[in-house]
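So the chains spell out like this:
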Amino acid sequence: QVQLVESGGGLVQAGDSLRLSCLASGRTFSPSTIGWFRQAPGKEREFVAAISWSGSNTVYADSVKGRFTISRDNAKNTAYLHMNSLKAEDTAVYYCARRFHEGPLGTSPGEYDYWGRGTQVTVST
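Residues numbered from 1 in each chain as written. Predicted model: local features only at pLDDT ≥ 70, side-chain atom pairs only at ≥ 80, totals over all residues. Heavy atoms only, no water.

1. Concerning the state of the cysteines
Summed over all chains, the structure comprises 1 disulfide. The disulfide partner of Cys-22 is Cys-96, and the S-S distance across this bridge is 2.1 Å. On the S-S bond that ties Cys-22 to Cys-96, the torsion sits near 65 degrees, and the link is right-handed. Residue Cys-22 is located in strand S3 (residues 18-25), and its partner Cys-96 is located in strand S9 (residues 92-99); the two are separated by 74 residues in the primary sequence. (Disulfide = S-S within 2.5 Å. Helix = DSSP H or I, 4+ residues; strand = E, 2+ residues; numbered from the N terminus.)

2. Topic: the environment of Gly-55
The residue Gly-55 is located in the loop between strand S5 (46-51) and strand S6 (58-60) in this model. For the pair formed by Gly-55 and Thr-69, sequence separation is 14 residues and the distance between their alpha carbons is 11 Å.

3. Considerations on unusual backbone geometry
In terms of backbone geometry, most residues other than glycine have negative phi values and most peptide bonds are trans. Backbone geometry places Asn-77, a non-glycine residue, at a positive phi of 55 degrees. Of note, Asn-77 is situated in the loop between strand S7 (68-73) and strand S8 (78-83). Classification of Asn-77 as partly exposed rests on a relative accessible area of 28%. For Ser-85, which is not glycine, the phi torsion reads 50 degrees and is therefore positive. As for its placement among the helices and strands, Ser-85 is situated in the loop between S8 and S9. According to the relative accessible area criterion, Ser-85 is partly exposed, its value standing at 41%. (Buried < 20%, exposed > 50% of the residue type's maximum accessible area, 1.4 Å probe, protein only.)

4. Remarks on the pattern of salt bridges
Overall, the coordinates contain 5 salt bridges when judged by the stated rule. Between Arg-38 and Asp-90 there is a salt bridge, with the nearest N and O atoms lying 2.9 Å from each other. Residue Arg-38 is found in strand S4 (residues 33-39), and its partner Asp-90 is found in the loop between S8 and S9; the two are separated by 52 residues along the sequence. The class of Arg-38 is buried, set by a relative accessible area of 5%. Of the charged contacts in the structure, one is a salt bridge between Lys-65 and Asp-62, with a shortest N-O distance of 3.1 Å. (Salt bridge = Lys/Arg side-chain N within 4 Å of Asp/Glu carboxyl O.)

Here you go:
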C-alpha cells in the first residue's frame, strides 16, 4: 500500500524558513515523481514544486521560484521542500503527492495518484 506522510509544518514569522518532509512507503523501489502542492482556505489546491526520480529535473511555481527548493533522498524514501523567505501568502496546508508513470513533471493535481494528508504552514506578519 502506497502511503505518504508529511511533516515539518508549523507557525513561523515572515522571512523565516521551514523544511517540510514527505516520507513514502510502499513501492519504494519503483521510480516515481514527487510533487508538492498547497491549499489555502477557500482556494483551490495549487502546484508548488515537483522533482523527478533521479532528482535531476525539477519544476517550480513562479510564486515560489528562488525561495523554495525541492529535493529527495531515495535511500531514505523521503522528499523535502525547503522554504526560505516565507511570506504570509505562503500560508496553506502543504501536501506531497506521488505518481509512478513516466513523462514530464506534473504540475496539476490530477496527474498524481497518491496523496498525503498534509501539514499546516502558517506564516505570520
